[in-house]
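# Overview (structure and organization)
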Amino acid sequence: MSTLILLLATGLGLGGLYFLVASGLSLIYGLMGVLNFAHGSFLTLGAFVGLAAANTVGADTWGGLALGLVVGSLTGAAAAALTELGLIRPLYDRHIEQVLVTVGLSLASVALFEGIWGPNPRNITRTDWLTSTTEVLGARVPNTAFLNVLAAAAVLAGIVAFLRFTRYGLIIRAGVENRAMVTALGIDVRRAFTLVFAVGGAAAGLGGVLATQSLNYVSPHMGSSLLIFAFIVTVIGGMGSLTGAAVASVVVALLQQLANYYLNNTGDLIVVLLLALVLLVRPSGLMGRPA
Amino acid sequence: MSGPVLEVRGLTACIAGQEVVHDVSFEVPASGVTAVLGRNGVGKTSTLKAILGLVERSGEVLLDGVRVDAERTDRIVRRGVGYVPEDREVFAGLTVAENLRLAERRATGGRGRSGTDSRGTTAQHRELVAALFPELARRAAQRAGTLSGGQQQMVSLARALLNENRILLVDEPTKGLAPKIVGEVAETLAAAAQTVPVLLVEQNLQVVERLAERVVVIDAGRVVHTGPARELLDDPEAVQRLLGVSTGSTTGAGSTISTAEAEADR
């Protein structure tokens, strides 16, 4: 029983990380139709810069962690906004070129990160609380899982509030439905594009710093590996659906954890099979709009 | 006599790489309703979209004598071009109130980035919309996607009428609506046309007869006739030849223009 509790708790924590990456992917695709393969780079950059900021005041303190999370988010947001302005904006409505540019950026940025911080994972320093566990119904659950779930829930609530209660949120919701009609109402939808990239980048940057706390290391490749599962989550949830991304993040992460434990480390295989099943049975995803 | 509010010169429009509007030229005077007529699929909707820059285009579009064809759609609209698209295109997942709030523009009065006037929403326009469409206030919290076709058309018209405009581009506002609602939509457009010129794409000749002073007839992507609406509608032979409508009356009232064998309109 305690093993199942542990698997469920760590699965939820992993799901939180997936959601932090997938939320941005889903929003960006929903509004702009851009498959952003560079999203993992925002995560990695956020992680490295966030940890560097945390180290300035002590990465093993709560203040250091908070600073790292804030700086990681801002770094992700800035990198994403610059990417949108410099590389995506000149290629609006040229989706194949956009994909090629983001793929190129993801490859180049990993090489850049390796050049700056070295190719190998680096161990990090964490607060005492994050290195320890909390007992839940007999299971010793890593505290990082609680932090991930809390952060993902806060980001989900924040994005939902932003979409529901702000004018830009209104523009984004309308733009996901019918971008041309938004411009025909006299609205410069490009600003919403940049904002969506920045919001997605901030979530990814936050996810980057949180991922280092769970993994206990930082690596130039961490964004790439998380991005693959975030894409799977986004497709399963329904491209463009934030709620779908949240539900799929939890489902995918739980399945992965359970299969890894009970089915001889077949978690990744099970997730890919789930992806294939969803694409066959419901190609628009769990909560996506039919094409 | 003031000049035309809208001038279209040598306009071509392409959809999916195919030219569907060829070298179209016409003017819209600064008052009244100018109707764009033609069979289905001849390029009427594409002409409106090309004026707004919603499709690939070339040629000249002048608003109040100023060329706007190099500008983005949102800039053209902010200059005071209200657009009511074919098939309403309300945002189905947004409430009625959100649809209207999204349409409200802020006037910049010459302080826009380009230094040009940007026309917006005023209290007067909100009052006008509230008076024209009292039902929308009652349905403010309802999702637009759950409204009837007529109610969605009200939202679409209200979005355009919320702002100070130099011209309204209205694309088939009565399409698919019940006869009673068609009358209401025509009344609304007649009221709007008291203060702002309207370029109206319309298939229902009864509505054209009710509203339009001038007509521009398009066939196979080209302008084939322009002139007073009365003159065309009083000539059954011309109506039959240009629009494919056999009226059986002197005006063509109540007739709906037929489908051409041409390519789809959009």
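Preceding this section is the structure that the text describes.
Reference entry: report on the structure contained in this document.

What counts and what doesn't
Starting afresh in each chain, residues are numbered from 1 along the sequence in its written order. Chains and ligands are labelled sequentially in the order written, the chains with letters from A and the ligands with numbers from 1. Local features in this predicted model are restricted to residues of pLDDT 70 or higher, and side-chain atom pairs are both shown and tallied only at a pLDDT of 80 or more, whereas totals for entire chains, interfaces and linings draw on every residue. Each helix is a run of DSSP H or I of at least 4 residues and each strand a run of E of at least 2, with the numbering of both proceeding from the N terminus. Residues with at least 20 other C-beta atoms within 10 Å of their own are called buried, those with 12 or fewer are called exposed, and the rest are partly exposed. The C-beta atoms themselves are positioned from the backbone. This entry defines residue contacts through backbone-placed C-beta atoms, with two residues in contact when those atoms are within 7 Å. We compute the radius of gyration over the C-alpha atoms and compare it with the globule rule, which gives 2.2 Å times the number of residues raised to the power 0.38. Each helix should span, by expectation, one fewer than its residue count multiplied by 1.5 Å. DSSP calls a pair of strands paired once it identifies at least 2 bridges connecting them. A crossover gets the label right-handed when its path from the first strand over the helix to the second runs clockwise, viewed with the strands pointing away from the viewer. Orientation is described by axes fitted as lines to C-alpha atoms, over the contacting stretch for helices, and by angles from 0 to 180 degrees between their N-to-C directions. Oblique is the label for every angle not falling under 35 degrees (roughly parallel), over 145 degrees (roughly antiparallel), or within 65 to 115 degrees (roughly perpendicular). Residues were grouped as follows: Ala, Val, Leu, Ile, Met, Phe, Trp, Tyr, Cys and Pro as nonpolar; Asp, Glu, Lys and Arg as charged; and all remaining residues, including Gly, as polar.

Our focus in this paragraph is the overall build of chain B. Check the secondary structure of chain B and you find ten helices and ten strands. The buried share of chain B, taken over its 266 residues, is 47%. Intrachain contacts of chain B at a sequence separation of at least 6 include 68% that bridge at least 24 residues.

With that settled, the discussion passes to the overall build of chain A. Broken down by element type, chain A carries twelve helices and four strands. The globule rule puts the C-alpha radius of gyration for 291 residues at 19 Å, and the 19 Å found for chain A is close to it. Principal-axis analysis of the C-alpha atoms gives chain A an extent of 60 × 45 × 35 Å. The 291 residues of chain A split such that 55% are buried. Residue pairs in contact within chain A that sit at least 24 positions apart in sequence constitute 76% of those at least 6 positions apart.

The next subject is helix α2 (residues 39-57) of chain A. Between its first and last C-alpha, α2 of chain A extends 28 Å over 19 residues, near the 27 Å set by a 1.5 Å rise per residue. Of all 19 residues making up α2 of chain A, 15 are buried, and the element is well covered by its neighbours.

Residues and elements named next belong to chain B. Side chains of strand β8 (residues 198-201) alternate between two faces, with Val198 and Leu200 and Leu199 and Val201 buried alike. With four bridges connecting them, strand β3 (residues 33-37) and β8 associate as parallel partners. Note that in β8 the partner of valine 36 across the bridge is valine 201. Of the strand pairs in this sheet, strand β7 (residues 167-171) and β8 are connected by four bridges, and their pairing is parallel. Among the inter-strand pairings, valine 170 is bridged to a residue of β8, identified as leucine 200. For the crossover that starts at β7, traverses helix α7 (residues 179-192) and ends in the parallel β8, the hand is right-handed.

Turning next to the packing of helix α6 (residues 143-165) of chain A against helix α7 (residues 167-177) of chain A. Residues and elements named next belong to chain A. At a minimum axis separation of 5 Å, α6 and α7 run at an interaxial angle of 90 degrees. The angle between the axes of α6 and α7 places the two elements in the roughly perpendicular class. Taking contact as the criterion, the partners of Phe162, Leu163, Arg164 and Phe165 in α6 are, on α7, Gly169, Ile172 and Arg173. Grouping the constituent residues of the contact of α6 with α7 by class yields four nonpolar, one polar and two charged.

Residues and elements named next belong to chain A. Interaxial distance between α6 and helix α9 (residues 189-215) falls to 10 Å at its minimum, and their mutual angle equals 175 degrees. In terms of their interaxial angle, α6 and α9 are classed as roughly antiparallel. Packed against α6, whose contacting residues are Thr144, Leu147, Asn148, Ala151, Val155 and Ile159, the element α9 presents Val199, Ala203, Leu206, Leu210, Gln213 and Ser214 at the interface. Counted by class, the contact of α6 with α9 contains eight nonpolar, four polar and no charged residues.

All names here are of chain A. Structurally, the position occupied by valine 103 is in helix α4 (residues 95-117). Given 14 C-beta atoms within 10 Å, valine 103 falls into the partly exposed group. As for valine 103 and alanine 38, which are separated by 65 residues in sequence, their C-alpha atoms are 6.2 Å apart.

Here we take up the interface of chain B and chain A. Every contact between the two is made by 19 residues of chain B and, on the other side, 14 residues of chain A. Broken down by secondary-structure element, the contributors of at least two residues to the side of chain B that touches chain A are α2 (73-78) and α3 (96-103) of chain B. For the side of chain B that touches chain A, the class distribution of residues is ten nonpolar, two polar and seven charged.

The next thing to look at is the environment of glycine 41 of chain B. Residue and element names in this part refer to chain B. Assignment of secondary structure puts glycine 41 in the loop between β3 and α1 (44-52). Overall, the presence of 19 C-beta atoms within 10 Å leaves glycine 41 in the partly exposed class. Considering only alpha carbons, one finds glycine 41 and arginine 138, 97 residues apart in sequence, at a separation of 37 Å.

As a further point, take the sheet that holds strand β5 (residues 66-67) of chain B. All names here are of chain B. What the four strands build is an open sheet, ordered β2-β1-β4-β5; its pairing is antiparallel. For this open sheet the edge positions go to β2 (18-28) and β5, each flanked by a neighbour on one side alone. Looking at chain direction, strand β4 (residues 56-63) and β5 are connected through two bridges and run antiparallel. Counterpart to leucine 63 in the pairing with β5 is valine 66. The strands that α1 touches are β1 (6-15), β2 and β4; relative to β1, the one it contacts most, it runs at about 110 degrees.

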